[in-house]
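Geometric and topological summary
This is what each chain is made of:
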Amino acid sequence: MEYLEFELPIKELEDQLSKCRVIGEESDVDVTQTCEQIEKKLLATKKDIYKNLTAWQRVQLSRHPNRPYTLDHIRALCGESFLELHGDRNVKDDKAMIGGLGKIGDQSYMLIGQQKGYNTKTRQYRNFGMSNPEGYRKALRLMKSAEKFKIPVVTLIDTPGAYPGLEAEERGQGEAIARNILEMTRLKVPIICVIIGEGASGGALGIGVGDRVLMMENTWYSVISPESCSSILWRSWEYKEQAAEALKLTAPDMKKMKLVDDIIKEPLGGAHTNREEAFLAVRKAIEKSYDELKNLSPKELVQKRMDKYANMGVYK
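As the structure is a prediction and not an experimental result, all values here were calculated from the model.

Observations regarding the overall build of the protein chain
For the protein chain, the count of helices and strands is 14 helices and eight strands. Referenced to the eigenvectors of the C-alpha coordinate spread, the extents of the protein chain come out at roughly 70 × 50 × 50 Å. Within the protein chain, the fraction of its 316 residues that count as buried is 49%. Partitioning the intrachain contacts of the protein chain with sequence separation of at least 6 by distance along the chain shows that 72% fall at a separation of at least 24. Per element, the accessible surface of the protein chain, about 16300 Å² overall, is 52% carbon and sulfur. Counting 48 positive and 46 negative side-chain charges, the protein chain places the centres of these two groups 7 Å from one another.

Looking at the packing of helix α6 (residues 133-148) against helix α8 (residues 173-185)
Here α6 crosses α8 at 20°, and the two axes come no closer than 8 Å. Taken together, the axis directions place α6 and α8 in an arrangement best described as roughly parallel. For the pair α6 and α8, the sense of crossing is left-handed. Contacts between α6 and α8 involve P133, Y136, R137, A139, L140, M143 and K144 from the former and Q173, E175, A176, I177, R179, N180, E183 and M184 from the latter. Its residues assigned to classes, the contact of α6 with α8 comprises eight nonpolar, two polar and five charged.

Observations regarding unusual backbone geometry
Unusually for a residue other than glycine, K248 sits at a positive phi of about 50°. Its location among the elements puts K248 in the loop between α11 (240-247) and α12 (251-256). According to the relative accessible area criterion, K248 is partly exposed, its value standing at 41%. A positive phi angle is found at K258, which is not glycine, with a value near 60°. On the secondary structure map, K258 appears in the loop between α12 and β8 (262-264).

Comments concerning the packing of aromatic side chains
Enumeration according to the criterion identifies three aromatic pairs in this entry. Considering the side-chain rings of W234 and Y239, the 5.1 Å spacing of their centres and the 25° angle between planes classify their relative orientation as stacked. You can call Y239 partly exposed: its relative accessible area is 34%.

Some details on the pattern of salt bridges
Summed over all chains, the structure comprises 26 salt bridges. The residue R171 makes a salt bridge to E134 at a minimum N-O spacing of 2.9 Å. With R171 in the loop between α7 (166-170) and α8 and E134 in helix α6, this residue pair connects regions lying 37 residues apart in the sequence. Take R171: its relative accessible area is 28%, and that puts it in the partly exposed class.

Brief notes about the confidence of the model for the protein chain
Here the protein chain shows a mean pLDDT of 93. Residues at 70 or above account for 100%. Of all secondary-structure elements in the protein chain, the lowest mean pLDDT belongs to helix α1 (residues 8-26), at 89, while α6 reaches the highest, 97.

Some details on a nonpolar patch on the surface
Together, I232, L233, W234 and Y239 give the surface a local cluster of nonpolar side chains, amounting to about 400 Å² of exposed area. Within the secondary structure layout, Y239 lies in the loop between α10 (226-233) and α11.

Overview of the nonpolar core
Counting residues in each nonpolar core, the largest one holds 29 residues, and the members touching the most others are I112, M143, V153, I207, M215 and Y221. Counting residues per element, the ones that place at least two in this core are β3 (107-114), α6, β4 (153-159), α8, β5 (191-200), β6 (212-216) and α12. With five residues, the single largest contributor to this core is α6. Setting aside its immediate chain neighbours within four residues, I207 contacts M97, I112, G113, Q114, A139, M143, T155, L156, I157, N180, M184 and C193. If you look at the next biggest cluster of nonpolar residues, it comprises 25 residues, including I104, V194, M216 and A278.

Some words on the pairing of β3
Among the eight residues of β3, six are classified as buried, and the element is accordingly described as predominantly covered. In this structure, strand β2 (residues 97-104) lies alongside β3, joined through eight bridges in antiparallel fashion. Along β3, the bridge assignment pairs G100 with L111. Hairpin geometry of β2 and β3 is characterised by an intervening segment of two residues between the two adjacent antiparallel strands and by a positive phi of about 70° at G105. Pairing analysis gives four bridges linking β3 to β4, with the strands arranged parallel. Bridge pairing in β4 places L111 opposite V154.

Parameters and conventions
- Residues numbered from 1 in each chain as written.
- Predicted model: local features only at pLDDT ≥ 70, side-chain atom pairs only at ≥ 80, totals over all residues.
- Heavy atoms only, no water.
- Helix = DSSP H or I, 4+ residues; strand = E, 2+ residues; numbered from the N terminus.
- Buried < 20%, exposed > 50% of the residue type's maximum accessible area, 1.4 Å probe, protein only.
- Contact = heavy atoms within 4.5 Å.
- Areas by Shrake-Rupley, 256 points an atom, 1.4 Å probe, with all protein chains shown as cover.
- Lys, Arg positive; Asp, Glu negative; His and termini not counted.
- Charge placed at Lys NZ, Arg CZ, Asp CG, Glu CD.
- Axes fitted to C-alpha atoms, helices over the stretch in contact; angles between N-to-C directions.
- Parallel < 35°, antiparallel > 145°, perpendicular 65-115°, else oblique.
- Left-handed = near helix turned anticlockwise from the far one by under 90°.
- Nonpolar A, V, L, I, M, F, W, Y, C, P; charged D, E, K, R; others polar.
- Phe/Tyr/Trp six-rings, centres within 6.5 Å; stacked < 30°, edge-to-face > 60°.
- Salt bridge = Lys/Arg side-chain N within 4 Å of Asp/Glu carboxyl O.
- pLDDT = per-residue confidence, 0-100.
- Patch = residues over 30% accessible without salt bridge, like charges linked within 9 Å, V, L, I, M, F, W, Y side chains within 5 Å.
- Core = buried A, V, L, I, M, F, W, Y, C linked by side-chain atoms within 4.5 Å.
- Pairing = 2+ DSSP bridges.

Following this line, the structure appears as structure tokens:
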């Protein structure tokens with residue numbers, strides 16, 4: 001288990017608890033009461049830390065190396081029913097963007113999302129979760145197929161942004177994202193978007209236009225990352241914590257500003273501490289959203305989606 005800087009008090013107590021149990025096993029000393037006291041203190045410390053998280057700490061949790069990624073969620077949601085589809089029928093298959101058909105319960109969905117890597121080799125293979133234009137074009141191709149066969153779309157967002165390289169710009173990165181935003185506003189099937197990690201910039205928006213946009217509790221969604229914002233405004237990464245606060249990028253901030261529809265509660269300590277519970281919460285949120293949308297006609301779906309986005313940023 002890896003610990004973040006603000007989680008070190010938890011690490012100390014967990015170390016104490018494991019040592020206490022070892023002493024109990026290796027000697028005849030009864031340590032039951034001591035263990036119970038440490039467990040109580042551990043739970044109280046966890047509640048205290050995770051109840052008062054700053055925006056920057058939530059950003060750190062969203063990037064936790066043990067946090068479940070898109071494929072983990074898809075395997076948990078769909079099991080063996082997931083069939084991955086490849087390629088944009090133009091350039092190549094983008095490994096940072098994955099998509100395919102899968103069943104959640106008895107309902108088929110088109111699942112699309114950004115995938116990060118677990119170690120150095122897979123991070124390079126997945127381009128650190130940063131899609132090229134062909135990734136967004138692949139996503140759009142799959143959405144259009146879903147529309148043709150009247151299958152709802154679920155997108156799982158977890159990206160530090162679209163790939164900013166020269167070759168990506170040459171192949172039309174901006175156009176690909178803009179095209180996706182346009183086409184998603186008028187797609188004639190329900191679209192449910194779930195932010196499961198980082199939701200940065202146009203990279204997230206390229207698959208982030210939906211009838212229901214849901215955020216997991218310890219995720220963020222913003223036009224720019226705190227580090228980049230800090231380097232632009234202060235010419236240094238040192239002010240990233242101030243930038244995170246100012247950007248209002250956490251789930252409660254997004255909900256308050258009506259930019260997302262709901263927050264998916266995570267287990268105490270984040271999704272990586274109890275993956276099964278996190279997967280179940282995401283599944284329930286997707287099923288609930290689909291139940292609310294499934295009886296709307298294609299015309300109603302598009303109209304409501306258009307109205308939702310047209311009303312954003314309008315204040316009396």
